[in-house]
Amino acid sequence: MTKILINNGRVIDPANNVDTIGPVCIADGKIVSVLEQSADFMPEQIIDASGQIVCPGFVDLSVRLREPGYTQKGNILSETRAALSAGVTSLCLPPDTKPCIDSPAVVEFIKDKAEKADYPQIYSIGALTQRLAGSELSAMFALKQAGCIAVSNASEPLGNLLILRRAMEYAATHDLLLMYRANEPALSGKGCAHEGAVASCYGLPGIPEAAESIALAQCLELAELTGCRVHISQISCKQSVIKLQQAKKYGLNVTADVAIHQLHLTEDNITPFDSNYHVLPPLRSAIDRQYLREGLVNGTIDAICSDHQPHDLDAKLGAFPETEAGVAALETLLPLTLALTQQHRIGLSQAIANLTCKPAHILGLASGTLTPGSAADVCIFDPQANWPVNRDNWLSAGCNTPYWQQTLTGRVTHTLLAGKLAYRLVELP
């Protein structure tokens, strides 16, 4: 394979406490050295990264690829191209495909599609229950043997707490990470917005914070009872941050992530006729957002994810409550994370850690680092580049983002996947 030298970039590798300007040498798909170039290393390709950041490729804990089953919204090829343009080199696929990921056959189908798309690092999350119906446990061990990295019921409810307990016991027996989206359906109902002043003003069905925090409290109690490794997906409110902080203080083996849009947008940003603001969990109050940001700074929240959910036009047409929830978020992940470092007291190195080594550690992956000998999954980005969010710059099949037609700062220029230049920004004439 090609020997590549990335030169003159600011190398940030949080896993190894590296933040300085220097070279990165790559050969045979692996990192050879960082910050030094041996006399006998003769590169066949040189990438000049002057004025840019060189860091590990991002690891995204929640990306819907819409295949199998929802190809009118996107597919593995289109969304992995978007991922590469966003610097994402490893991603987790939630199990709510169609058919859902509750059998080894579906896992193999996804692997085959991933290989054809030249994006092998798609990590399937197996269904916690058969058909995600919430009643009968799936064959978790068979799913693990097929390659599933974790189990989850996605956003689908479980029948009762006993099923969650048995699922945790089963997962713990096979050393499987259980990823849990905290939501009590009896409280959230058919809500589409945060239960507060904005929902009341516009007559939108509300979802109280308690729908999340009560479900989270129950999950944490069962995690302590069973010894299961649990990851809480896409938390959204103050009370969840407080409960997680307490759980970690007393040694519970739990981690959590937050979707990038929850760190920026609140209920006050919602335009009631713009369904691009329809997300679940809903955009909450400014106080909730502040607690999420503080939780990220102090380590209560371990990772940032895109929670990428591309939709076709029809899915977002209609009255706000009738539309499908979710935003296409891969390509805004980096600029919004960089904006966070400008707006809040989180350093660039810590922000990159929340996208690289920390999610990799949660999943038990050897990625998210530039350690010599590790796979050369590398992201190079220009932190000062301004770009308009429009069809000329957008690769995802879904255009459902509240940032459409806005100008963002920070853009990936190169992405290397196992030492291969998988994406290079081509400026329009």
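Small disclaimer: the values here were computed from a predicted structure and weren't measured.

Asks: I would appreciate a short explanation of the environment of serine 85 in the present structure.
Replies: Assignment of secondary structure puts serine 85 in helix H1 (residues 76–85). Setting aside chain neighbours within four positions, we find serine 85 in contact with Glu331, Leu395, Val412 and Tyr423.

Asks: It is not clear to me how the side chain of threonine 80 should be interpreted in this structure. Could you clarify?
Replies: The topology assignment puts threonine 80 in helix H1. Among all residues touching threonine 80, those that are not within four sequence positions of it are Ala117, Tyr119 and Ile122.

Asks: Got a minute to help me understand the pattern of salt bridges in this structure?
Replies: Where charged atoms of side chains with opposite charge meet at close range, the side chains can pair. According to the stated counting rule, one finds 13 salt bridges in the structure shown. Close ionic contact of glutamate 169 with arginine 166 constitutes a salt bridge, the shortest N to O distance being 3.1 Å. In this pair, glutamate 169 and arginine 166 are both assigned in helix H4 (residues 161–173), three residues apart and thus about one turn of the helix distant. Sharing partners across several salt bridges, the network here consists of Arg64, Asp96 and Asp307.

Asks: Would you mind showing me how to read the UniProt feature "domain: Dihydroorotase catalytic" (unreviewed entry) in the chain here?
Replies: Those residues carrying the UniProt feature "domain: Dihydroorotase catalytic" (unreviewed entry) are residues 51–240 in this numbering. Helix and strand shares over residues 51–240 are 39% and 17% respectively, and the end C-alpha atoms of the span are 39 Å apart.

Asks: Would you mind going over the pairing of strand S3 (residues 30–34) with me for this structure?
Replies: Regular strands have side chains that alternate between both faces of the sheet. Examined bridge by bridge, strand S2 (residues 18–27) and S3 share four bridges and lie antiparallel to one another. Bridged to isoleucine 26 within S3 is isoleucine 31.

Asks: Explain the environment of isoleucine 110 to me, please; I cannot follow it from the model alone.
Replies: Position of isoleucine 110 relative to the elements: it lies in helix H2 (residues 104–116). For the pair isoleucine 110 and valine 230, spaced 120 residues apart in sequence, the C-alpha separation works out to 24 Å. Those residues in contact with isoleucine 110 that lie beyond four places of it in its chain are Pro68, Ile76, Leu93, Ile101, Ile122 and Ser124.

Asks: Would you take a moment to explain H4 for this structure?
Replies: Side chains of residues three or four places apart in an α-helix project in the same direction, reflecting 3.6 residues per turn. For H4, with 13 residues, the first-to-last C-alpha span of 18 Å sits near the 18 Å given by 1.5 Å per residue. When we look at burial in H4, the residues that qualify are Ile163, Leu164, Ala167, Met168 and Ala171. Buried residues of H4, viewed axially, fall in a sector of 135°; they line one side. Of the surrounding elements, those touching the buried residues of H4 are helix H3 (140–146), strand S9 (150–152), strand S10 (177–180), helix H7 (209–226) and strand S13 (230–232). The N-terminus of H4 is capped by asparagine 160, whose side-chain oxygen sits 3.0 Å from the backbone nitrogen of leucine 162. Directly after H4, the chain includes aspartate 175, whose backbone phi takes a positive value near 50°.

Asks: How do you make sense of the packing of H7 against helix H8 (residues 238–249) when you look at a structure like this?
Replies: At their nearest, the axes of H7 and H8 sit 8 Å apart, and the two run at 15° to each other. Taken as axis vectors, H7 and H8 run roughly parallel relative to one another. Both H7 and H8 take part in a crossing whose hand is right-handed. Residue-level contacts link Glu209, Glu212, Ser213, Leu216, Ala217 and Leu220 of H7 to Lys238, Gln239, Ser240, Lys243, Leu244 and Ala247 of H8. Residue classes in the contact of H7 with H8 are distributed as five nonpolar, three polar and four charged.

Asks: Would you take a moment to explain the nonpolar core for this structure?
Replies: Among the nonpolar cores identified, the biggest contains 94 residues, and Val88, Ile122, Met168, Tyr180, Ile232 and Phe381 are the most heavily contacted of them. Looking at this core, the element that brings in the most residues is H7, giving six residues. Once residues lying within four places of it in the same chain are set aside, the contact partners of valine 88 are Phe58, Asp60, Ala83, Tyr119, Leu330 and Leu333. Core analysis: the next-biggest nonpolar cluster, separate from the first, contains 16 residues, Ile4, Val11, Ile47 and Leu416 among them.

So, how was this worked out
- Residues numbered from 1 in each chain as written.
- Predicted model: local features only at pLDDT ≥ 70, side-chain atom pairs only at ≥ 80, totals over all residues.
- Heavy atoms only, no water.
- Helix = DSSP H or I, 4+ residues; strand = E, 2+ residues; numbered from the N terminus.
- Contact = heavy atoms within 4.5 Å.
- Salt bridge = Lys/Arg side-chain N within 4 Å of Asp/Glu carboxyl O.
- UniProt positions renumbered as here; feature names shortened; annotations may be inferred.
- Pairing = 2+ DSSP bridges.
- Expected span 1.5 Å × (residues − 1).
- Buried < 20%, exposed > 50% of the residue type's maximum accessible area, 1.4 Å probe, protein only.
- Arc of directions from axis to C-beta.
- Polar contact = N/O pair within 3.5 Å; in protein donor to acceptor, adjacent residues only side chain to side chain.
- Axes fitted to C-alpha atoms, helices over the stretch in contact; angles between N-to-C directions.
- Parallel < 35°, antiparallel > 145°, perpendicular 65-115°, else oblique.
- Left-handed = near helix turned anticlockwise from the far one by under 90°.
- Nonpolar A, V, L, I, M, F, W, Y, C, P; charged D, E, K, R; others polar.
- Core = buried A, V, L, I, M, F, W, Y, C linked by side-chain atoms within 4.5 Å.

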